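# Structural features, examined
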Amino acid sequence: MAEQTILRTQNLYVECKTNKGVFGEKTTIHAVNGVSLDICKGEILAIAGESGCGKSTLAKAIIQLEPIKSGEIFFEGKNTLSSPQKVLSEFRKKVQMVFQNPYASLNPKMKIIDILKEPLEINTDYSSEKILKTVKDKIKLVGLDENCLNLYPHEFSGGQRQRIAIARALVLEPEFILADEPVSALDVSIQAQVINLIKELNEKYKLTFLLITHDISVIKYLADRIAIMYLGEIVEIGKTEDIFNSPLHPYTKALLSSAPQLNKTEHKKIILKGDLPSPANLPNGCKFHTRCPYVMEKCKFNIPQEKGISHKVSCFLYE
Ligand code: SF4
């Protein structure tokens, strides 16, 4: 794994407003709360956590699809939140996103060739020959035949559509891909094709991935490092083998123990009490204290600081 940082977030906060109640009063959702992450060039960093923990919002905030309340995002050393338009357009070419649902993310009225040409026509000054060559190269790269370019999205299976979505992300020759639950909408039988494609793109072409998923077995197979997210905070981060072999944070232990795919002797089952609190009403102190089996008095009023060097955890048990 290369050590050069390609993307860094510093103390990132994202808040969303939603309408609530019959009178439409606004509620503030504290989706991302002070996330600082370094993602190394060429690695696959997975963000894991329950639904509603803020992982998808974090990915969207990185490519500025969500409004950022405060914090910084650096890509290749440049601050993307205060960069001139030219730097920002370069960033948008180099960082692409693959969404969860390939059924919804491809325009059903467009042929595949037009779906793949569109980003090149908007973002480059390539000749029409170069655009066509790029499109053909990328469709082959994802394991599909160029004959499929004249078909429409509905003529493909879910796995093929997700490959097309990945080809669309690749046409601008990105360096970094945010993959938000890239296989969760697919049948189990075809998930492996897309998982193996991600692995190949990472290993052969050194593409960096931020992988958002709740599927622990996908993470175990693909990720170099894992960040565990709870209520918009990273509570533990480390190399995949360290997180699986010696998880530290009580939430990480519970999350791993709940994965049906893992060998039950690997992680003793831990049942957490209660549900994930609402991100509209965050607990004080350690945000996990309302469900933590090891909660202490100080956890209810104080926020634990991150400790560690390559394997980091935020929990008073390690202070
Ligand atoms: Fe549990 Fe306290 Fe650690 Fe939070 S700081 S995870 S409540 S022990």
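Scope of this entry: the structure provided in the associated data block. Small disclaimer: the values here were computed from a predicted structure and weren't measured. (Residues numbered from 1 in each chain as written. Predicted model: local features only at pLDDT ≥ 70, side-chain atom pairs only at ≥ 80, totals over all residues. Heavy atoms only, no water.)

A separate point is the overall build of the protein chain. Tallying secondary structure elements over the protein chain gives ten helices and twelve strands in all. For the protein chain, whose C-alpha radius of gyration is 21 Å, the value lies close to the compact-globule estimate of 20 Å for 319 residues. With respect to the three principal axes, the spread of C-alpha positions in the protein chain is 65 × 45 × 45 Å. Counting every position in the protein chain, which comprises 319 residues, the buried fraction comes to 48%. (Helix = DSSP H or I, 4+ residues; strand = E, 2+ residues; numbered from the N terminus. Rg over C-alpha atoms; globule rule 2.2 N^0.38 Å. Buried < 20%, exposed > 50% of the residue type's maximum accessible area, 1.4 Å probe, protein only.)

Counting 63 residues, the largest nonpolar core has L116 and I139 as its most contacted members. In this structure L116 touches V135, I139, L149, I164, A167, R168 and V171, once residues within four positions along its chain are discounted. L7, M97, A227 and M229 belong to the second-largest nonpolar core, a separate cluster that totals 31 residues. (Core = buried A, V, L, I, M, F, W, Y, C linked by side-chain atoms within 4.5 Å. Contact = heavy atoms within 4.5 Å.)

Take the layout of surface pockets next. The space that makes up the largest pocket amounts to roughly 770 Å³. If you go around the largest pocket, you meet 34 residues; those closest to its centre are S36, I234, I237, E306 and K312. Among the secondary structure elements, those contributing two or more residues to the lining of the largest pocket are β1 (5-20), β2 (25-40), β9 (225-230), β10 (233-239) and β12 (312-314). Estimated volume of the second largest pocket: approximately 400 Å³. Around the second largest pocket, the lining is made up of 20 residues, and of these I63, R92, V95, Q96 and M97 lie nearest the centre. Within the residue set of the lining of the second largest pocket, elements represented by two or more residues are α2 (85-94), β6 (95-98), α4 (112-123) and α6 (158-170). A class-by-class count of the residues in the lining of the second largest pocket yields eleven nonpolar, six polar and three charged. (1 Å grid on protein atoms, 1.4 Å probe; cavity = no way out; pocket = protein on both sides within 12 Å on 5 of 7 lines; lining within 4 Å. Points joined across faces, edges and corners; volume = space filled by probe spheres on them. Nonpolar A, V, L, I, M, F, W, Y, C, P; charged D, E, K, R; others polar.)

Another aspect to go through is the pairing of strand β4 (residues 68-75). Sheet analysis places β4 next to strand β5 (residues 78-79), joined by two bridges and oriented antiparallel. Looking at the pairing, F74 lines up with N79 of β5. Counting the residues between successive antiparallel strands, the hairpin from β4 to β5 contains two residues, one of them, E76, with a positive phi of roughly 50 degrees. (Pairing = 2+ DSSP bridges.)

One can find S314 in strand β12. According to the relative accessible area criterion, S314 is buried, its value standing at 12%. In contact with S314, not counting residues within four places along its chain, are I234, V235, H249, P304, Q305 and E306.

One non-glycine residue, E76, lies in the positive phi region at around 50 degrees. Relative to the helices and strands, E76 is located in the loop between β4 and β5. Residue class for E76 comes out partly exposed when judged on its relative accessible area of 35%. Despite not being glycine, E173 shows a phi value in the positive range, around 55 degrees. Its place among the elements puts E173 in the loop between α6 and β7 (176-180).

Turning our eyes to something else, we now look at the sheet that holds β7. The strand order β6-β7-β8-β3-β9-β10-β12-β11 describes an open sheet built from eight strands, whose pairing is mixed. At either margin of the open sheet sits one strand with a lone partner, and together these are β6 and β11 (306-307). Judged from the four bridges that link them, strand β3 (residues 44-48) and β9 form a sheet pairing that is parallel. Within the sheet, the bridge partner assigned to A46 lies in β9 and is I226. Against the sheet, helix α1 (residues 55-62) touches β3, β6, β7, β8 (208-212) and β9, its axis set at about 145 degrees to β8. Running over the sheet, α6 touches β6 and β7 and is turned about 170 degrees from β6. (Axes fitted to C-alpha atoms, helices over the stretch in contact; angles between N-to-C directions.)

Below, the discussion takes up the pattern of salt bridges. Per the stated rule, a full pass over the model turns up 15 salt bridges. Where E43 meets R225, a salt bridge forms, and the shortest distance between an N and an O atom there is 2.7 Å. Of the two residues, E43 sits in the loop between β2 and β3 while R225 sits in strand β9, which places them 182 residues apart along the sequence. Residue classification places E43 among the buried residues on the basis of a relative accessible area of 0%. By relative accessible area, R225 is classed as buried at 12%. Two residues, E173 and K138, come together in a salt bridge whose shortest N-O distance is 3.0 Å. One end of the pair, E173, is in the loop between α6 and β7; the other, K138, is in helix α5 (residues 128-141), with 35 residues separating them in the sequence. The exposure class of E173 is partly exposed, given its relative accessible area of 47%. A relative accessible area of 10% places K138 in the buried class. Each member of the salt-bridge network shares a partner with another, and the members are K136, K140 and E146. (Salt bridge = Lys/Arg side-chain N within 4 Å of Asp/Glu carboxyl O.)

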